[in-house]
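What follows is each chain in one-letter form.
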Amino acid sequence: MKLKINKIYKYLAHDLNRSLLILMVFVLPFERIPSVEVFGASIRLSVLVGLLIIARTAYLLFKKQLKMKFNLQEKLLVAFLVWIFLLIPESINISRAISVFLFNSFTIVTALSVAMLFDKKYIKPIIYSMLVSATAVSAFAVFQYFGNLFGLPNSITGIRDMYSWKVFGFPRVQSFALEPLYFASYLLLPFCVVYSLLINSNQKIISNKIMLFLIGFFAFIIFLTVSRGALYAMIGVV
């Protein structure tokens, strides 16, 4: 066990950029649980990892180990950020306008930082991280569904009152997300990745049996969310 931990530590420490991106993908579905409200803002694991990624990118830029080169879509994101900043003085609710600007600033700066740290060689571990995380939260959603049906308290299942069986006659799973729709929307990402790997014979990083299982499993969980938009999107993807 100690040997395995040492191997994991060496793997993570060998390439910090890769480790941060892997971690970001892994914590994405943990939107509501765990999280904490600070001054009206929800601090999630992805926010903390995003701050680390921004700090890492800033450090590498300072050390001149990275160059700030933006493509067209990234320039458009920066232009959008400048535009909403210029709109603040003309807003009806200044405080709300500032909070929206700060939220968008964090999101866009995180995206730009991820783009600068990303390397094609990270694709395989990122996909593995995504599938492990998506499978774990989906397994919890199954527990959430049956736990709510059998009367387990919401403090254990993590389901909100508005999505319990008492409202609809059956639970709408949300796993660690804020709402079923958000959870289903997230699952569309690993669903699409696995589906694209399955139909692309040159990209077999996992076995066909595992991919077929994951496609069926993610589709089943999306169905349990009872989110029509996500179901239509899944059908459109297929």
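Our subject is the structure listed above.
Residues numbered from 1 in each chain as written. Predicted model: local features only at pLDDT ≥ 70, side-chain atom pairs only at ≥ 80, totals over all residues. Heavy atoms only, no water.

Undergrad: So what's going on with the packing of aromatic side chains? Which residues, and what values?
TA: For the coordinates displayed, the defined rule picks out ten aromatic pairs. Taking 5.2 Å as the distance between ring centres and 50° as the angle between the ring planes, the aromatic pair formed by F85 and F101 counts as tilted. Of the two residues, F85 sits in helix α4 (residues 72–86) while F101 sits in helix α5 (residues 94–117), which places them 16 residues apart along the sequence. Among the residues examined, F85 registers a relative accessible area of 46% and is labelled partly exposed. Residues F140 and F143 carry aromatic rings whose centres are separated by 5.7 Å and whose planes lie at 45° to one another, so their mutual orientation is tilted. (Phe/Tyr/Trp six-rings, centres within 6.5 Å; stacked < 30°, edge-to-face > 60°. Helix = DSSP H or I, 4+ residues; strand = E, 2+ residues; numbered from the N terminus. Buried < 20%, exposed > 50% of the residue type's maximum accessible area, 1.4 Å probe, protein only.)

Undergrad: Now, about the nonpolar core: what can you tell me, with residues and values included?
TA: Core analysis: the largest hydrophobic core is formed by 48 residues, its most contacted members being F183, L187, F218 and I221. Of all the secondary structure elements, the ones that give two or more residues to this core are α2 (16–27), α3 (45–62), α5, α6 (123–149), α9 (180–199), α10 (208–225) and α11 (228–237). Among all residues touching L187, those that are not within four sequence positions of it are A134, S138, F218, I221 and I222. Grouped together as the second largest cluster of nonpolar side chains are seven residues, L81, I88, F101 and L112 included. (Core = buried A, V, L, I, M, F, W, Y, C linked by side-chain atoms within 4.5 Å. Contact = heavy atoms within 4.5 Å.)

Undergrad: Tell me what's going on with unusual backbone geometry, and back it up with residues and numbers.
TA: Glycine aside, residues mostly have negative phi angles, and peptide bonds mostly take the trans form. Residue P34 is bonded to the preceding I33 through a cis peptide linkage, with omega at -5°. Looking at the element boundaries, P34 is found in the loop between α2 and β1 (35–38).

Undergrad: Tell me about the environment of F118, and please be specific about residues and values.
TA: Secondary-structure assignment places F118 in the loop between α5 and α6. Apart from the residues lying within four places of it in its own chain, the contact partners of F118 are L21, I123 and I126.

Nothing here speaks to function; it is all geometry.
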